Each structure stands twice: as C-alpha cells, then as structure tokens.
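Below, each chain spelled out in residue letters.
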Amino acid sequence: MSDVNRQWLLKARPTGMIGPEHFELVESAMPRPDFEAGQVLVKTLMLSFDPAMRGWVMDEPSYLPPVPLGEPMRASGVGQVVQSSNPALPVGTLVQGLVNWQEYSIGDPRHPLAPPTPLPAGTPPGMALSIFGSTSLTAYFGLLDVGQPQPGETVLVSGAAGATGSVVAQIARLKGARVVGIAGGADKCQWLREACKVDEVIDYKREDLPARIAQLCPEGVNVFFDNVGGDTLEAALANMADFGRIVLCGAIAGYNDETPRPGPRNLMNVVTRRLRMQGFIVIDYLARANEAVAALAEWVAAGELAWREDVQEGFENIPATLQRLFDGRNQGKQLLKLADPE
Ligand SMILES: NC(=O)c1ccc[n+]([C@@H]2O[C@H](COP(=O)([O-])OP(=O)(O)OC[C@H]3O[C@@H](n4cnc5c(N)ncnc54)[C@H](OP(=O)(O)O)[C@@H]3O)[C@@H](O)[C@H]2O)c1
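Definitions and cut-offs
- Residues numbered from 1 in each chain as written.
- Predicted model: local features only at pLDDT ≥ 70, side-chain atom pairs only at ≥ 80, totals over all residues.
- Heavy atoms only, no water.
- Axes fitted to C-alpha atoms, helices over the stretch in contact; angles between N-to-C directions.
- Helix = DSSP H or I, 4+ residues; strand = E, 2+ residues; numbered from the N terminus.
- Left-handed = near helix turned anticlockwise from the far one by under 90°.
- Contact = heavy atoms within 4.5 Å.
- Nonpolar A, V, L, I, M, F, W, Y, C, P; charged D, E, K, R; others polar.
- Core = buried A, V, L, I, M, F, W, Y, C linked by side-chain atoms within 4.5 Å.
- Buried < 20%, exposed > 50% of the residue type's maximum accessible area, 1.4 Å probe, protein only.
- Near = heavy atom within 4 Å.
- Polar contact = N/O pair within 3.5 Å; in protein donor to acceptor, adjacent residues only side chain to side chain.
- Areas by Shrake-Rupley, 256 points an atom, 1.4 Å probe, with all protein chains shown as cover.
- Domains from an automatic or database assignment.
- Salt bridge = Lys/Arg side-chain N within 4 Å of Asp/Glu carboxyl O.
- Phe/Tyr/Trp six-rings, centres within 6.5 Å; stacked < 30°, edge-to-face > 60°.
- Disulfide = S-S within 2.5 Å.
- Pairing = 2+ DSSP bridges.
- Right-handed = clockwise from strand over helix to strand, strands pointing away.

### What about the packing of helix H6 (residues 209-216) against helix H7 (residues 230-237)?
Reasoning step 1: Contact pair H6 / H7: the axes reach a minimum separation of 9 Å and the direction vectors enclose 35 degrees. Like other packed secondary-structure pairs, H6 and H7 cross with a definite hand, here right-handed. Touching Leu209, Pro210 and Ile213 of H6 are Thr232, Ala235 and Ala236, all from H7.
Reasoning step 2: Within the contact of H6 with H7, the residues separate by chemical class into five nonpolar, one polar and no charged.

In structure tokens form, the structure reads like this:
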C-alpha cells in the first residue's frame, strides 16, 4: 500500500456556483489510526454527492459546523477497512460513514455523527448510498412523518426525478396518494411516468408551472414536498388545498445564489388556507433508520421502487461531479466510484 493519501481540500468559500476552483488536490501522508481506541483505516470506494455539501462549505451557523478551509471536503460514502485490530470492524469490512474527499480516512467508532457502520451483507456500495441511503431516509421520514399523506390525497413533489424526490413520489403512490411530480427535461419526466409510475408529471423547464399545477390539481395540493424552493414553492403555495402540508426538505434553486433570493410573495396563503409548513433534517431521524430501511427493503424486494444511480469515476473528477447536482445533469443518485471492494 502506498504511503500517500490523495485529498481534495477546501481552498476557498464560494460566493456563487461552487466548482473545482474552490478545492485543491494534495498528496498527504497516510493517516495513522489509533488501534487501541478501536480506530480503523478505511479505503474509500464510493462517494455520495449531496446538495447540502454546498451549505457545509459556508462559514455560517447550520446544523453541522462549516468545513474548515484547508481541510478535506466532508462527504459521506462507502469504504473498506484495510487496517484494523477492532474485532467489530475486521479488515475487509465494507463500511458506510463520513469518508470525506480522500482516498483513505480514519474510521472512528466513537464518531458522534457518523461512525463507520458495516453494510448489511450483500448490499453493494451503490445501493447502500442510493436506495438505502440518506436520501431515501429523507424521503421516508419527510413524507410520512412531516407530510402525513392520506389515501386519495394529492401529493406534489418538486425535484421529483432526483434521489430524494423519486423515492418521495413512489412512497406517496404506495400509500395510496395521487402523485404529481415536477422535474426538468423530457427524459426525467418519462422515467418518472414509466418507471416510478407517477400519475402526472410537469416538465418545469418547458411548461408554465403555476398553470400546470392548477390544471392537474383542481382540488388543490394536500401535501407539497419541496426540494427546490424559490419560484417552485411560490407556484405550489398558490395551489394548496385548505389544511395542506408543505414539507420543506430543501431549496436547491437558491444554494448557489450570491445574494439570498426574496421569499415567496404569497406566504399569506399559509394563513388563509390554514397550511402547515415544516422543515426537517434527516439526521434527527437516524435513531429510527432501521424502520425506514426495513420498509424500503420490502418495497425493493417486491419490485415496487425504481431508482437510478449516476456513477462517475476518477479521483480528479470529484469537485466537477458535485456541480452535476446544480445543473441537473445527474440522473438519480449522484455517486463517484474510486475503487471496487477487494
Ligand atoms: N432536509 C434534509 O434532511 C435533506 C436530506 C437530503 C436532501 N435534501 C434536499 O433534497 C433536495 C434533493 O437532494 P438530492 O440529494 O435528492 O439531489 P437530487 O434531487 O438527486 O439532485 C438535485 C436535482 O435538483 C434539481 N435542481 C438543481 N438545480 C435546480 C434549480 N436551480 N431549480 C430547480 N431544480 C434544480 C435538478 O433536477 P432537475 O433536472 O429536475 O431540475 C437536480 O437533478 C435538495 O434540496 C437537498 O438539499 C434535504
């Protein structure tokens, strides 16, 4: 094994679109785990890319501390234990956790947020990070706990062809709701209709979004699951049914804005239509992860859930891969493979 660890460090905090220029590729010394404390050395196999990473590089208070300048970019992923004296994590174990943008990391079982967690036997890294990963947990708890759709209700989902949105749309269908998905482009809309069996689809890049929501949801939207924010949220607010629920999952349309965009102009609809609008962060549900994974596994085994993995390759392509989330090039869960398990 080489004694060099390649890393992508955060070099500068972006003010607009995040890109490779905000990171620096360096070669560092191989990290040395504290074996007596149960730490292990983990080789990164696959990285997960998440829109939240755009927020993690900002020096602003949030639900996680900012990534310090000069440190490897924070990222979750799957790796394989290559050095260990910890019987719970022997050499060869595939683990999930915060591996960051680097070839090797220290897996610390006492990490407060993301200790290295063995993958269930037989689960490939891509599946662990996509259909059984945090975006699916986000979909499950955000929709069912926060949105609480009832059979026969209309559920509108933005970012519906993405990793989170596509699972939201399908769980809503499985729970007996009528589902309207919003996505960008003909290919994504066709996949939603045919593979995800979504009732109606709106291509927001081609269609008049507020008018199409009104047309497809004549009784109003009972649950709006929002991944996008901005104009999309405003269009949904104009079409909510009385006592509707708006699940604020994300607002990707504004993540790379240089200045904050104005809020929706029609927030007063929350009052007149007696709406509930609630944000949530999936980490608050991690103690219940097994519940979601069990339900997802059942739906997957029954052939009820479709998902797509968009797997890029190459250590040098890591920062550019993050950008794919923000221009919609990703077709499903954005991943990057660095190595196969041994
Ligand atoms: N609250 C939580 O705990 C939590 C956890 C995970 C994710 N999230 C949020 O969930 C959302 C989806 O995340 P994901 O990981 O599943 O990513 P994703 O949906 O797989 O990928 C991002 C998608 O967002 C859409 N998008 C990008 N820029 C846009 C813009 N300016 N306007 C409209 N749509 C745009 C693109 O789809 P189109 O091609 O269709 O435009 C793109 O494919 C994000 O807002 C993320 O922050 C929240």
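### Observations regarding the nonpolar core
Reasoning step 1: Within the largest apolar cluster, 40 residues are counted, with the highest numbers of intra-cluster contacts made by Leu143, Val157, Leu192 and Leu296.
Reasoning step 2: Looking at this core element by element, the count peaks at six residues for helix H3 (residues 134-147).
Reasoning step 3: Within the second largest apolar cluster, 27 residues are counted, among which are Val67, Val81, Val99 and Ile318.

### As for the site of the ligand
Reasoning step 1: Close contacts around the ligand come from 26 residues, with Thr164, Lys188, Tyr204, Tyr255 and Asn330 the closest.
Reasoning step 2: Taking Gly184, its main chain carries an N or O atom lying 2.8 Å from an oxygen atom of the ligand.
Reasoning step 3: Considering the ligand on its own, with 910 Å² of exposed area, one finds that the protein chains cover 90% of that surface.
Reasoning step 4: Class assignment of the residues belonging to the shell around the ligand gives a composition of 15 nonpolar, 10 polar and one charged.
Reasoning step 5: Residues from two domains meet in the shell around the ligand; each of domain 1 (4-130 + 308-337) and domain 2 (134-283) gives at least three.

### What to know about the domain arrangement of the protein chain
Reasoning step 1: On domain assignment, one finds that the protein chain holds domain 1 (4-130 + 308-337) and domain 2 (134-283).
Reasoning step 2: Relative placement of domain 1 and domain 2: their C-alpha centres are 29 Å apart.
Reasoning step 3: In this assembly, domain 1 and domain 2 are joined by one salt bridge.
Reasoning step 4: The shortest N-O distance in the salt bridge between Asp187 and Arg308 comes to 3.5 Å.
Reasoning step 5: Where domain 1 meets domain 2, there are five residue pairs in polar contact (both at pLDDT 80 or more).
Reasoning step 6: Its residues assigned to classes, the side of domain 1 that touches domain 2 shows eight nonpolar, seven polar and five charged.

### Topic: the packing of aromatic side chains
Reasoning step 1: On inspection of all chains with the given rule, the structure shows seven aromatic pairs.
Reasoning step 2: Here Phe23 and Trp101 contribute two aromatic rings whose centre-to-centre distance is 4.8 Å and whose plane-to-plane angle is 50 degrees, an arrangement assigned as tilted. One end of the pair, Phe23, is in strand S2 (residues 23-29); the other, Trp101, is in the loop between strand S5 (94-98) and strand S6 (104-107), and 78 residues separate them in sequence. Across this residue pair, the class does not change: Phe23 and Trp101 are buried.
Reasoning step 3: With centroids separated by 6.4 Å and ring planes inclined at 50 degrees, the aromatic side chains of Tyr140 and Trp299 adopt a geometry described as tilted. Separated by 159 residues along the polypeptide, Tyr140 in helix H3 and Trp299 in helix H9 (residues 289-301) bring together distant segments of the chain.

### Structural notes on H7
Reasoning step 1: Counting buried residues in H7 gives six out of eight residues, a clear majority hidden from the surface.
Reasoning step 2: Those residues of H7 that sit buried are Thr232, Leu233, Glu234, Ala235, Ala236 and Leu237.

### Some words on the pattern of salt bridges
Pairs may arise between side chains of opposite charge once their charged atoms sit close together.
Reasoning step 1: Counted according to the given criterion, the structure contains 18 salt bridges.
Reasoning step 2: Two residues, Arg206 and Asp203, come together in a salt bridge whose shortest N-O distance is 3.6 Å.
Reasoning step 3: Arg206 gets classed as exposed once you look at its relative accessible area, which sits at 65%.
Reasoning step 4: Counted as one network, the salt bridges with shared partners bring together Asp145, Arg288 and Glu291.

### Brief notes about the state of the cysteines
Cysteine pairs can be covalently joined through their sulfur atoms, and such a bond is termed a disulfide.
Reasoning step 1: If you walk through the whole model with that rule in mind, you get zero disulfides.
Reasoning step 2: In this structure Cys189 is not part of a disulfide, and its nearest cysteine sulfur, from Cys196, lies 11 Å away.
Reasoning step 3: The class of Cys189 is buried, set by a relative accessible area of 4%.

### Focus: the pairing of strand S10 (residues 200-203)
Reasoning step 1: Sheet topology note: the strand S9 (residues 178-183)/S10 ladder contains four bridges and is parallel. Residue pairing in the sheet places Gly181 in a bridge with Val201 of S10.
Reasoning step 2: For the crossover from S9 across helix H5 (residues 186-194) to S10, the handedness is right-handed.

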